[in-house]
Amino acid sequence: MNVLLWALAIGPVLLAEALLARYEVMAYGARWRAPVTELPEGVPYARGAAPDSPPDAYLVYLDGIGKRRVRDSRDGGRLVKALITRAPGLRVLGQVQPYSPLADPLAERPVWSWLRRRIGVLLFLHNVMQIFVAADHRYRPLYNRAIGAQIATQLRLAGYWPGSGVPVVLLSYSGGAQVATGAVEGLHTGLRAPLLLITLGGFHNGANDLARAEHLHRLTSASDRIERVGTLMFPQRWRLLRGSGWNRARRAGKITVHRLDPATHVGPRSYISPTARVPDGRSHLDRTADTVTALIRAHRGAAARDAPSR
């Protein structure tokens, strides 16, 4: 009986969320509303390396479903700060709204501010629904175009010059991987940027074409049940569907798996936990930041070696 009552209560909420999630991508496609480009006063377009000279790379952090504002992230910004400390040559953007094709922060909308104070779980349900809209074959091309354009705009405002050859790293957590993989084609077309993808517990359907990405590093753990659900529920992640974007990239040698056991997806033992420790004494946060930084440096080193001599 309790289960039935819960289903009756949550069912209409899920339906409403599904309709709202589709409305935003349709509003973008129909040009009913223009995407937001300006950031709130006092929020920089990028942090880290100064804009007066080309940085080592631009890093765009696409957070998981907890992303609700320009400023927030699931860990209070600790991962971004750790990356900037380790690699001061990076210019890091954390303001992109991966769950809003209109780049409109969810928690700053008046009605959502009211709901957040009373029914905070709705914010998470909204972003969950946006992931499935982004994965839906009917809306995926439009959603990809919207987020790709949003990222490209923010990169330009942060000082990126199209065609400059400066690498762009898309670091995504959880559902942010669906958005990151979908933005590849638009970023390559709009910025002609070398693209490196790093997914952290990536939850995505594997349908997006990764041909324009130079490489994808998949950071995962055997204890990450949420990521494992994604690999099971989306057929495009199965090896049997050889024609999916994910499997084409895998056969092309563009996907490398890195184990961060025993990290979990969320909680006190998550990939970005500052308290959980690995055998060498580092926190999970430190290990993740070290791994991401090392991957970026290795990629830049390989690109420098492969560059034609003059």
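Conventions we followed
- Residues numbered from 1 in each chain as written.
- Predicted model: local features only at pLDDT ≥ 70, side-chain atom pairs only at ≥ 80, totals over all residues.
- Heavy atoms only, no water.
- Patch = residues over 30% accessible without salt bridge, like charges linked within 9 Å, V, L, I, M, F, W, Y side chains within 5 Å.
- Areas by Shrake-Rupley, 256 points an atom, 1.4 Å probe, with all protein chains shown as cover.
- Salt bridge = Lys/Arg side-chain N within 4 Å of Asp/Glu carboxyl O.
- Helix = DSSP H or I, 4+ residues; strand = E, 2+ residues; numbered from the N terminus.
- pLDDT = per-residue confidence, 0-100.
- Contact = heavy atoms within 4.5 Å.
- Pairing = 2+ DSSP bridges.
- Axes fitted to C-alpha atoms, helices over the stretch in contact; angles between N-to-C directions.
- Buried < 20%, exposed > 50% of the residue type's maximum accessible area, 1.4 Å probe, protein only.

K.L.:
I would appreciate a short explanation of a nonpolar patch on the surface in the present structure.
P.N.:
A grouping of Phe132, Val229 and Met233 is seen on the molecular surface, where their side chains present a nonpolar patch of about 240 Å² in accessible area. As for its placement among the helices and strands, Phe132 is situated in helix α4 (residues 121–135).

K.L.:
Looking at this structure, how should I read the confidence of the model for the protein?
P.N.:
Do not read the predicted coordinates in detail wherever pLDDT is low. When pLDDT is averaged across the protein, the result is 84; 80% of the residues are at 70 or more. Note on residues 1–11: pLDDT under 50 across the span, and two contacts to partners over four residues away in sequence or across chains.

K.L.:
What's the story with the sheet that holds strand β7 (residues 255–259) in this structure? I'm lost.
P.N.:
Backbone hydrogen bonds hold the strands of a sheet together, and the pairing may be parallel or antiparallel. Reading across the sheet, the seven strands line up as β1-β3-β2-β4-β5-β6-β7 and stay open at both edges, with mixed pairing between neighbours. In this open sheet, the two strands that pair with only one neighbour each are β1 (47–48) and β7. In this sheet, strand β5 (residues 195–200) lies alongside strand β4 (residues 168–173) in parallel orientation, the contact comprising six bridges. For Leu170, the partnering residue across the bridge sits in β5 and is Leu197. Of the strands in this sheet, β2 (57–62), β3 (90–93) and β4 touch helix α5 (residues 140–157), which is tilted by about 135° from β2.

K.L.:
Whenever I open this one, the pairing of β3 confuses me. Can you help?
P.N.:
Residues in a regular strand point their side chains to alternate faces of the sheet. Residue alternation in β3 divides its side chains into two sets, Leu90 and Val92 and Arg91 and Leu93, and both sets are buried. With two bridges connecting them, β1 and β3 associate as antiparallel partners. Within β3, the residue paired with Gly48 across the bridge is Arg91. Direction of pairing for β2 relative to β3: parallel, over a ladder of four bridges. The partner of Leu59 across the bridge, within β3, is Val92.

K.L.:
Would you take a moment to explain unusual backbone geometry for this structure?
P.N.:
With omega at 0°, the peptide bond leading from Asp261 into Pro262 counts as cis. Relative to the elements of secondary structure, Pro262 occurs in the loop between β7 and α9 (284–306). The phi torsion at Ser174 lies on the positive side, around 55°, for a residue other than glycine. As for its placement among the helices and strands, Ser174 is situated in the loop between β4 and α6 (176–191). Overall, the relative accessible area of 7% leaves Ser174 in the buried class. A positive phi angle, close to 55°, is found at Arg192, a residue other than glycine.

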